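The chain contents come next:
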Amino acid sequence: MDELTFHFDGRSYSANRGDSIAAALSAAGVHTLGTRRSGRPRAAFCGMGVCHDCLVTVDSVRGERACMTRVRQGMTVQREDERSFADGTKAPRPATSEAINADLAIIGAGPAGLSAALGAADAGADVVVLDERGEAGGQYYKPRSEGHRGSTLLDRQHLRGKALRAKVSASGARFIAGQSVWFARRNEAGFEIRTLGQERAYRVQSRAVIIATGAYERPAMVPGWTLPGVMTIGSAQTLVRRYGVVPGKRILIAGHGPLGMQLASELADLNADMVALADRGRPAPGLALLSAALADPRLVADGAAYRLALMRARTPFLSGWELCRIEGEDRAEAAVLRQISTGKEKRFEVDCVVAGDGFAAQLELARLLDVPVKTDVTTGDVRPMRQADGTTPTPGVWIAGDAGGLGGAQIATRQGELSALSALQYLGIPSSADTKRAMRNLNWAQRFQSALWSMYRAPARGPICDQTILCRCEEVSAGTARAAIADGADDPAVLKRKTRIGMGRCQGRYCLPQALKLFDAAGIKADSSALFAPQIPARPTQLGALALEKPEWGGHREGAPAIRPDRAALAPMPVEAADLVIIGAGVTGVSAALYAARAGAKVVCVDRGRVNGEASGGNAGSLHLQLLSWDFGGKAVGDGSLQLQTLPLQQESIALWRELESELDVDFEMAVTGGLMVAEDTDQIRFLIAKVEAEARVGIHTEVIDGARVREIAPAVSDEIVAAAWCPDEGKIDPLVATPLLAKAARAAGAQIEEFAPVTGVARNGSGYVVDTPRGTIKAARVLIATGGWSCQLGSMLGAELPIRGAPLQMVVTAPSPPLVPCLLAHADRHLSMKQAASGSIIIGGAWPGNTNHQGCSEVLPDSLEGNLWVAARTVPDVANLQVIRSWAAMNIDIDGAPLLGSVPGFAGITVAATANGYTLGPLMGREAANIALSGRARQDLEGFSLDRFG
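Structure report, in brief.

The rules we used
- Residues numbered from 1 in each chain as written.
- Predicted model: local features only at pLDDT ≥ 70, side-chain atom pairs only at ≥ 80, totals over all residues.
- Heavy atoms only, no water.
- Helix = DSSP H or I, 4+ residues; strand = E, 2+ residues; numbered from the N terminus.
- Buried < 20%, exposed > 50% of the residue type's maximum accessible area, 1.4 Å probe, protein only.
- Contact = heavy atoms within 4.5 Å.
- Areas by Shrake-Rupley, 256 points an atom, 1.4 Å probe, with all protein chains shown as cover.
- Lys, Arg positive; Asp, Glu negative; His and termini not counted.
- Charge placed at Lys NZ, Arg CZ, Asp CG, Glu CD.
- Salt bridge = Lys/Arg side-chain N within 4 Å of Asp/Glu carboxyl O.
- Pairing = 2+ DSSP bridges.
- Axes fitted to C-alpha atoms, helices over the stretch in contact; angles between N-to-C directions.
- Core = buried A, V, L, I, M, F, W, Y, C linked by side-chain atoms within 4.5 Å.
- Phe/Tyr/Trp six-rings, centres within 6.5 Å; stacked < 30°, edge-to-face > 60°.
- Left-handed = near helix turned anticlockwise from the far one by under 90°.
- Nonpolar A, V, L, I, M, F, W, Y, C, P; charged D, E, K, R; others polar.
- Expected span 1.5 Å × (residues − 1).
- Polar contact = N/O pair within 3.5 Å; in protein donor to acceptor, adjacent residues only side chain to side chain.
- Disulfide = S-S within 2.5 Å.

### Comments concerning the overall build of the chain
Alright, step 1. Broken down by element type, the chain carries 22 helices and 49 strands.
Alright, step 2. With respect to the three principal axes, the spread of C-alpha positions in the chain is 90 × 60 × 60 Å.
Alright, step 3. Going through the 951 residues of the chain one by one, you find that 62% of them count as buried.
Alright, step 4. Counting contacts in the chain only where the partners sit at least 6 residues apart, residues at least 24 apart contribute 71% of the total.
Alright, step 5. If you sum the accessible surface of the chain, you get close to 35600 Å²; carbon and sulfur atoms cover 50% of it.
Alright, step 6. For the chain, the centre of its 100 positive side-chain charges and the centre of its 100 negative side-chain charges are spaced 8 Å apart.

Here's what the structure looks like:
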């Protein structure tokens, strides 16, 4: 056997050629691969690149997935700690990018993707197939590694996969391996897909897309399921089938369905010690078995062979039993099974627990391409909408195989064939294939699956206990989630904001299905429209590999945000009249509601969606005090005087944030850390000197400091930084925490805040106004418009022209990091803002533009993301070692660089409040807007910020 030598944490290990790092270490009995933020150990779990718990540092490059990375001769691998960098860590370099055009892009090279590629290429279509694995075949047809430790004979499954790969290779379809798709979106020419690999990246432009990314395995969430030594059935099967590696010395398998029995049979062939195989179902001979045999006798024969192998190995088979807990400190030491019908328990001493609880469709790319999803009424699974031939409601997009819902390899193969035929018709490419025959084959495969699951029928798993970890990445328990639901979190997005569920590397893939069950148990129907937003990148991606220099913008990209309800109208509005109606429940609106209610007014605040659901909740939470670089000098709108006059208001508002935190006895997660605006050359230093002098004239203390002092404050800042403007009174706050707390205080003061009440009209009514919503009409003497980028549309309902536009901007979040950014960080000549959250994640922004799509929603632009990351890595090089785990775009406010606050001329009783510089001014603007709305007068120092400045 051709062996390789590599090093892990200073020790030498052997690997067989073709081994993944995880396989080689597992064969050597090493399972713990890193440490979480809490200090708890991490290990390989899913075996297919979903969980990102197997991250290691390879040859000094951080963030490599051990389950996907092959061992190379002499490779150095180190455990990875979220709290520190290994010595000598270096950032990955951006891959060389190549543009590709194709008729049809197929994402995923499993049974569905390969079958689709074969059918389309044989008809003459230009086909490109993308897959993040090194070889085609997917999870079902994964080929054996060169150094497989078991028998040299290939089983029937391996042989079928080998034959299919050969046919696709001969068809002319282009197969590009080792490419993770991180971005996909429709454009004028069809679809743009961006991928990233070790050496090369691709920008694929295609006329049509088939998504064949398969499913991922849902974990059996029981106490202890996050311990090293616990893995999914699919992960163990990859070790066994691909590498011939036994994952432990004493193994327990617990699952539901035939996959566990197949794994047990394959482990028996490797002479593994299996203490038991438990299945939640109770498979037995009967009509279901007969139906399955009639539909596919070959698969039934395979199942009989698996059972026979299990009997020969004398492995106990416990039907009707389920895993209920795993015991151990730093790794699995024992597992406890429970008989479903009686509650009886059995305990087994083990060092490896292999468990699964079904499968879930990979939804991320479908959702990025605007394919609608729905919840299966029988299983509760969320699936993309598609027809039998893979056609989706999104023209040009097909979904084949388990990416649209679990069906198994045979169904995936048939759906791949049908998707290709339908796509060919869409592309106008003729095919001689027999569609009716392909549909008949699909029907037979579906009959087999129906019979199979009828045979394995089992009661639904009971609720998980409070102590069980629900969110693996953020280590949030089910009890914490239940408490948040009891406290008012009534959809996944709100739960995410309250608990951080779904904010980690798996991007909600594991925790979201269980969270939906918690909502259901609480009597809350969280429909598919409330799911976590699809992420860009679609999978966590190394920041340094995405960072590419891009031209920076010279002004805001104006958006046209849509006014649309986020949810169907709820109960009728419980109030018909008020002293003041506030439109908009962002930070300004709820602050105004708080102060107006305290002044004795009857206040109703309405919003089309959630409190904090738009720009305020999408804000990065910087507390700015010094001028942003684009608000001074030649870059500023106008002569920059209004922007300068805003600074004392920002100073007052930061103090007000502190006062509110103390007064309300709450924690806004606010920290005044100071702020650096860095410079790289003498021109930028001159710019900073002039800016500091101007700020001093309005009472703001900033100073220019040299590079040595910059690095005393922020040691990770690049050596290229030669100076900075230092403002000790800047900082950060968490908008996801602060605005809801202000809303709670406003309600306690007597204000009524109504969510999901979109305003459809505002009209005069005698001396007052009528505000129309689908939930009813409210009469009010006064109205305050606090709708940010949507203010123009609200003004047009009255016939008033408000010079406020929406400007979609984007933010980026990394995985948790060691301390790198101790203060607010900006750049003198580039668009950048950076701060580090309490979670350890680094939030990167700086007014890079997003886009407004055809639905009026903000969306991330990939070029902006890449450019923003390049500036961040140039300024703090170590951030290039981190993974990007999510990004978002929010509708910012574009006025003239300064806030707008005051009465609307010609419309007595109408007040408008729109901030500048994001979140900083929120409470002050709310307080003063409430005062203007109720008294009709503004503070003298605020008169310059009224509508009068626009003539």
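### Quick notes on the pattern of salt bridges
Alright, step 1. With the rule as written, the count across this model stands at 61 salt bridges.
Alright, step 2. Note that glutamate 135 and arginine 70 form a salt bridge whose closest N and O atoms lie 2.2 Å from each other. Of this pair, glutamate 135 sits in the loop between strand E9 (127-130) and helix H3 (156-171) while arginine 70 sits in the loop between strand E6 (61-65) and strand E7 (76-81), and the two are 65 residues apart along the sequence.
Alright, step 3. On the accessibility criterion, arginine 70 (38% relative accessible area) is partly exposed.

### Some thoughts on the sheet that holds strand E19 (residues 321-327)
Alright, step 1. Spatial ordering of the open sheet is given by E19-E20-E21, a layout of three strands whose pairing is antiparallel. Each edge of the open sheet carries a strand with a single partner, namely E19 and strand E21 (345-349). Each neighbouring strand pair of the sheet contributes to a mean axis angle of 25 degrees, computed without reference to strand direction.
Alright, step 2. Alignment of E19 against strand E20 (residues 334-339), held across six bridges, turns out to be antiparallel. In the strand pairing of E20, glutamate 322 is matched with arginine 338.

### Side note on the pairing of strand E48 (residues 900-903)
For a regular strand, side-chain orientation follows a simple rule: the groups alternate between the two sheet faces.
Alright, step 1. Note that E48 and strand E49 (residues 910-914) share four bridges and pair antiparallel. Residue pairing in the sheet places leucine 900 in a bridge with alanine 914 of E49.
Alright, step 2. As consecutive antiparallel partners, E48 and E49 are separated by six residues, and within that stretch glycine 906 has a phi angle of approximately 85 degrees, a positive value.

### A few points about helix H11 (residues 478-486)
Residues that lie three or four places apart on an α-helix share one face, since the helix turns once every 3.6 residues.
Alright, step 1. Regarding H11, the residues found buried are Ala478, Gly479, Ala481, Ala484 and Ile485.
Alright, step 2. Packed against the buried residues of H11 are strand E27 (469-471), strand E28 (476-477), helix H12 (492-499) and helix H13 (511-521).
Alright, step 3. At the C-terminal side of H11, glycine 488 shows a positive phi close to 120 degrees.

### Overview of the nonpolar core
Alright, step 1. Membership of the largest hydrophobic core comes to 67 residues, with the highest contact counts inside it found for Ile193, Ile211, Leu676, Met834, Ile844, Leu869 and Val879.
Alright, step 2. Of all the elements, helix H21 (residues 862-875) adds the most residues to this core, at six residues.
Alright, step 3. Every residue in contact with leucine 869, bar those within four places of it in the chain, is listed here: Leu543, Leu546, Ala547, Val812, Ile844 and Val884.

### Considerations on the packing of aromatic side chains
Alright, step 1. Applying the stated rule across the entire model yields 12 aromatic pairs.
Alright, step 2. With 6.0 Å between their ring centres and 65 degrees between their planes, tyrosine 216 and tyrosine 510 make a pair best called edge-to-face. Taken together, the positions of tyrosine 216 in strand E14 (residues 215-217) and tyrosine 510 in the loop between H12 and H13 put the pair 294 residues apart, joining distant regions of the chain.
Alright, step 3. Assessed through its relative accessible area of 7%, tyrosine 216 is described here as buried.
Alright, step 4. Ring geometry for tryptophan 657 versus tyrosine 919: centroids 5.2 Å apart, planes at 15 degrees, classification stacked. Of this pair, tryptophan 657 sits in helix H16 (residues 641-664) while tyrosine 919 sits in the loop between E49 and helix H22 (922-935), and the two are 262 residues apart along the sequence.
Alright, step 5. A residue is classified by how much of its surface remains accessible, and tyrosine 919, at 1% relative accessible area, is buried.

### So, the pairing of strand E2 (residues 11-16)
Alright, step 1. Sheet analysis places strand E1 (residues 3-8) next to E2, joined by six bridges and oriented antiparallel. Paired with leucine 4 across the strands is alanine 15, a residue of E2.
Alright, step 2. Two successive antiparallel strands, E1 and E2, enclose a turn made up of two residues, where aspartate 9 displays a positive phi of approximately 50 degrees.

### Describing the packing of H11 against H12
Alright, step 1. Axis separation between H11 and H12 bottoms out at 10 Å; the angle between their running directions is 120 degrees. In this structure, H11 crosses over H12, and the sense of that crossing is right-handed. On H12, the residues that touch Thr480, Ala481, Ala484 and Ile485 of H11 are Leu495, Lys498 and Thr499.
Alright, step 2. Split by residue class, the contact of H11 with H12 holds four nonpolar, two polar and one charged.

### Some remarks on helix H10 (residues 435-455)
Alright, step 1. With 21 residues, H10 extends 30 Å from end C-alpha to end C-alpha; this agrees with the ideal 30 Å at 1.5 Å per step.
Alright, step 2. Within H10, the full set of buried residues consists of Ala438, Leu442, Ala445, Phe448, Gln449, Ala451, Leu452 and Met455.
Alright, step 3. By the N-cap criterion, in which a side-chain oxygen at the helix start approaches the backbone nitrogen of a residue two or three places on, H10 is capped by aspartate 434, the distance to lysine 436 being 3.1 Å.

### Notes on the sheet that holds strand E41 (residues 805-814)
Alright, step 1. In spatial order, the strands read E29-E47-E41-E44-E43-E42-E33-E35-E34; together these nine strands make up an open sheet with mixed pairing. Strand pairing shows two members of the sheet lacking a second neighbour, strand E29 (541-542) and strand E34 (703-706), which therefore form its edges.
Alright, step 2. In the sheet, strand E33 (residues 675-679) pairs with strand E42 (residues 824-827) via four bridges, with the strands oriented parallel. Across the sheet, residue valine 678 finds its bridge partner in E42, namely histidine 827.
Alright, step 3. Across the sheet, helix H17 (residues 682-697) is in contact with E33, E34, strand E35 (723-727) and E42; its angle to E33 comes to roughly 140 degrees.

### Let's talk about the side chain of aspartate 103
Alright, step 1. With respect to the helices and strands, the residue aspartate 103 is situated in strand E8 (residues 96-107).
Alright, step 2. Sequence-distant contacts of aspartate 103, defined by excluding residues within four places in its chain, comprise Ala125, Asp126, Ser206, Arg207, Ala208, Leu427 and Ile429.

### Points about the state of the cysteines
Every disulfide links exactly two cysteines, by a covalent bond between their sulfur atoms.
Alright, step 1. Enumeration according to the criterion identifies zero disulfides in this entry.
Alright, step 2. With no disulfide of its own, cysteine 352 lies closest to cysteine 51 among cysteine sulfurs, the gap being 14 Å.

### A few points about unusual backbone geometry
Alright, step 1. Cis peptide bonds are those with omega within 30 degrees of zero, and the linkage from isoleucine 536 to proline 537 qualifies with 5 degrees.
Alright, step 2. For proline 537, the location among the structural elements is in the loop between H13 and E29.
Alright, step 3. If you check the backbone angles, aspartate 370 has positive phi at about 65 degrees while not being a glycine.
Alright, step 4. Considering the arrangement of structural elements, one finds aspartate 370 in the loop between helix H8 (364-368) and strand E24 (373-375).
Alright, step 5. Positive phi is not limited to glycine here, since aspartate 665 has a value of about 55 degrees.
Alright, step 6. By the element assignment, aspartate 665 lies in the loop between H16 and E33.
Alright, step 7. Note on aspartate 665: relative accessible area 69%, which makes it exposed.

### Some points on the side chain of aspartate 53
Alright, step 1. On the secondary structure map, aspartate 53 appears in the loop between strand E4 (41-43) and strand E5 (55-58).
Alright, step 2. Judged by relative accessible area, which is 3%, aspartate 53 ranks as buried.
Alright, step 3. A polar atom in the side chain of aspartate 53 sits 2.7 Å from the side chain of arginine 36.
Alright, step 4. In terms of polar contacts, aspartate 53 uses its side chain to reach the side chain of arginine 472, at 2.5 Å.

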